[in-house]
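Survey of secondary and tertiary structure
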Number of protein chains: 2
Amino acid sequence: MKLDTIDYAILEALQKDGRLANANLAEKVGLSASACSRRLDALEKNGVIRGYYARVSNKELGHDMTAIVNISLSGQFQKTLSEFETAVKRCPNIVVCYLMSGEYDYTLRVVAKDLADYERIHRDWLTALPHVAKINSSFALREVIDRPNVGIDAGLAKKC
Amino acid sequence: MKLDTIDYAILEALQKDGRLANANLAEKVGLSASACSRRLDALEKNGVIRGYYARVSNKELGHDMTAIVNISLSGQFQKTLSEFETAVKRCPNIVVCYLMSGEYDYTLRVVAKDLADYERIHRDWLTALPHVAKINSSFALREVIDRPNVGIDAGLAKKC
DNA sequence: AAACGCACGCAATGTCCTTGCGAAATTGGG
DNA sequence: CCCAATTTCGCAAGGACATTGCGTGCGTTT
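Chains are numbered independently. Their residues run from 1 in the order of the written sequence. Chains carry letters and ligands carry numbers; both start at the beginning, A for chains and 1 for ligands, and go up in the order they are written. Only residues with pLDDT of 70 or above have their local features reported here, since the model is predicted, and side-chain atom pairs are shown and tallied only from 80 upward, although totals for entire chains, interfaces and linings are computed over all residues. Side-chain figures throughout are based on the complete set of non-hydrogen atoms in the structure, without hydrogens or water.

Points about the protein's contact with DNA strand D
- Taken together, Ala21, Asn22, Ala23, Ser34, Ser37 and Arg38 of chain A together with Leu31, Ser32, Ser34, Ala35, Arg38 and Arg39 of chain B make up the full set of residues adjacent to DNA strand D.
- N or O atoms closer than or at 3.5 Å make up a polar contact, with two conditions inside protein: a donor-capable atom paired with an acceptor-capable one, and, for residues adjacent in sequence, both atoms drawn from side chains. Between DNA strand D and the protein, one listed contact pairs a base oxygen with a side-chain N or O atom of arginine 38 of chain A at 3.5 Å.
- Taking arginine 39 of chain B, its side chain carries an N or O atom lying 2.7 Å from a phosphate oxygen of DNA strand D.
- Elements represented by at least two residues in the surface near DNA strand D include exactly α2 (22-29) and α3 (33-45) of chain A together with α3 (33-45) of chain B.
- Numbered from the N terminus, helices here are DSSP runs of H or I no shorter than four residues, and strands are runs of E no shorter than two. Of the residues forming the surface near DNA strand D, the biggest block, four residues, is contributed by α3 of chain B.
- Here the surface near DNA strand D is built from residues that sort into four nonpolar, five polar and three charged. When at least one non-hydrogen atom of a residue lies within 4 Å of a molecule or strand, that residue is treated as near it. Throughout, the ten residues Ala, Val, Leu, Ile, Met, Phe, Trp, Tyr, Cys and Pro are labelled nonpolar, Asp, Glu, Lys and Arg are labelled charged, and all others, Gly among them, are labelled polar.

Looking at the protein's contact with DNA strand C
- Taken together, Leu31, Ser32, Ser34, Ala35, Arg38 and Arg39 of chain A together with Ala21, Asn22, Ala23, Ser34, Ser37 and Arg38 of chain B form the complete shell of residues around DNA strand C.
- The side chain of serine 34 of chain A places a nitrogen or oxygen atom 2.9 Å from a base nitrogen of DNA strand C.
- When residues of the surface near DNA strand C are traced back to their parent elements, those giving at least two are α3 of chain A together with α2 (22-29) and α3 of chain B.
- By residue number, the principal contributor to the surface near DNA strand C is α3 of chain A, which donates four residues.

What to know about the domain arrangement of chain A
- Considered domain by domain, chain A is made up of domain 1 (5-45) and domain 2 (65-139).
- Measuring from the centre of the C-alpha atoms in domain 1 of chain A to the corresponding centre in domain 2 of chain A gives 38 Å. An automatic or database domain assignment supplies the start and end points of every domain.

So, the interface of chain B and chain A
- Across the contact, 76 residues belong to chain B and 76 residues belong to chain A.
- Throughout, the accessible surface (probe 1.4 Å) given up by two parts as they are put together, summed over both, is called the buried area. Taken together, both faces of the contact between chain B and chain A bury some 7300 Å²; the carbon and sulfur share is 57%.
- Salt bridges are defined as contacts in which a side-chain nitrogen from Lys or Arg sits within 4 Å of a carboxyl oxygen from Asp or Glu. Viewed at the interface, chain A and chain B are joined by two salt bridges.
- The partner of arginine 142 of chain B in a salt bridge is glutamate 85 of chain A, and the shortest N-O contact between them spans 2.8 Å.
- The interface formed by chain B and chain A contains 39 residue pairs in polar contact (both at pLDDT 80 or more). Two residues qualify as a contact provided that any one of their heavy atoms is within 4.5 Å of a heavy atom in the partner residue.

As for the packing of aromatic side chains
- Ring geometry is summarised as follows: Phe, Tyr and Trp rings, the Trp one being its six-membered ring, pair when their centres sit within 6.5 Å, and such pairs are stacked at plane angles under 30 degrees, edge-to-face over 60 and tilted between the two. Enumeration according to the criterion identifies five aromatic pairs over all chains in this entry.
- Note on phenylalanine 84 of chain B and tyrosine 106 of chain B: the rings are 4.5 Å apart at their centroids and 35° apart in plane angle, and the pair reads as tilted. Taken together, the residues phenylalanine 84 of chain B in helix α4 (residues 78-90) and tyrosine 106 of chain B in strand β4 (residues 106-112) connect sequence positions 22 residues apart.
- Exposure categories follow from relative accessible area, calculated using a 1.4 Å probe and restricted to protein chains: below 20% of the type maximum is buried, above 50% is exposed, and the middle band is partly exposed. A residue is classified by how much of its surface remains accessible, and tyrosine 106 of chain B, at 0% relative accessible area, is buried.
- Sitting over a ring, as applied to charges here, requires NZ of Lys or CZ of Arg to be within 6 Å of the ring centre and within 35 degrees of the ring normal. The ring of tyrosine 52 of chain B has arginine 19 of chain A sitting right over it, with the charged end atom 5.0 Å from the ring centre.

Notes on the environment of valine 95 of chain B
- Its place among the elements puts valine 95 of chain B in strand β3 (residues 94-100).
- Among the residues examined, valine 95 of chain B registers a relative accessible area of 5% and is labelled buried.
- When the C-alpha positions of valine 95 of chain B and serine 138 of chain B are compared, they lie 15 Å apart, and in sequence the two are 43 residues distant.
- Those residues in contact with valine 95 of chain B, other than ones at most four positions away along the chain, are Ile145, Asp146, Arg147, Asn149 and Val150 of chain A together with Arg109 and Val111 of chain B.

Quick word on the nonpolar core
- Val69, Ile94, Tyr106, Leu108, Tyr118 and Leu126 of chain A are the most contacted members of the largest nonpolar core, which totals 24 residues.
- Of all elements in the fold, only β2 (65-73), α4 (78-90), β3 (94-100), β4 (106-112) and α5 (115-126) of chain A together with β5 (132-146) of chain B reach the threshold of two or more residues within this core.
- Definition used in this section: a nonpolar core is a set of buried Ala, Val, Leu, Ile, Met, Phe, Trp, Tyr and Cys residues joined via side-chain atoms within 4.5 Å. Core analysis: the next-biggest nonpolar cluster, separate from the first, contains 23 residues, Leu73, Leu99, Ile121 and Trp125 of chain B among them.

Some details on the pairing of β2 of chain A
Residue and element names in this part refer to chain A.
- Among the nine residues that make up β2, nine are buried, leaving the element largely enclosed by the rest of the structure.
- Side-chain alternation along β2 places Met65, Ala67, Val69, Ile71 and Leu73 on one buried face and Thr66, Ile68, Asn70 and Ser72 on a second face that is also buried.
- Strand direction decides the pairing type here: β2 and β4, joined by seven bridges, are antiparallel. Residue pairing in the sheet places asparagine 70 in a bridge with threonine 107 of β4.
- With seven bridges joining them, β2 and strand β5 (residues 132-146) adopt antiparallel strand pairing. Paired with serine 72 across the strands is lysine 134, a residue of β5. Strand pairing requires that DSSP identify at least two bridges connecting the strands.

The following block contains the structure:
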């Protein structure tokens, strides 16, 4: 899909406030409400906007702890990978998982309530994942940045 | 803030669809629209819901590449850390940053358009960060999971 | 130059959000 | 155990909002 300046303005505004009312959004990007609504519709239908989400405080839910877990598998066969991935997707505490280049095969981000909860997850989920050869956990001491998306202006920003 | 079953239902629904209209949300959790609106208001005011955001397709924006970057600093002084973090926050391509325990001090997630773009970011931003002693980049080959939040049911789920 | 397509603004209609109010439920103290 | 205080609920009304059809203007194509 081809995007123009106004589309980028819409995306940027909705990245910051996903519940922004169409009327306010229209004003912000300099369009009438109807035109803005139609553009928004197109952005959603074409998959540019993949959805809207509420950002729930993990702390308020009692999930204070974040761990980065690196995992190596015992093989690289397609079947090995897909079995592992299927199992990973079942664990609600695993919020991010990438297949990686480099020393480890997968990098996970695991969220837990506390150390005891993490111990439970490690025991019941992580070590139960199939074909795992090596696990390496590091704990996050503090969250410095957690943006939902890359900035729309990422290509245009000045260097530091 | 104290949360009950209905609050959790509200959070869960809005984690999946942040633009869910209050009327539909009310029906889904079994409340009247007014009661639901008031609860939602309380959840927002108390910081349980930290905000709403649209999820924009990085692919549609041309940001196909994700890298995990581990960084060690030359010292652990408070001033060193805060100068580093201030600089990190300025880079729009860095979407996640944690202060970590373990071998490296920080773990970043960096989003780039392609390898050339990553090379630019590495040169103009990452190596320009203050007090950096060591950088280690790994590239994501594929995104297996990227959930916006830990599941509300994380504590209740059955093991695999 | 004319015709076509596309995006826009305006206006109307139907839906939705919010707030005030009284009733019901829950909680805590006597 | 009961009563009072506080909270939370549902209902109703008023105001705001989203959506759709329609006519207009602009740019492109033939």
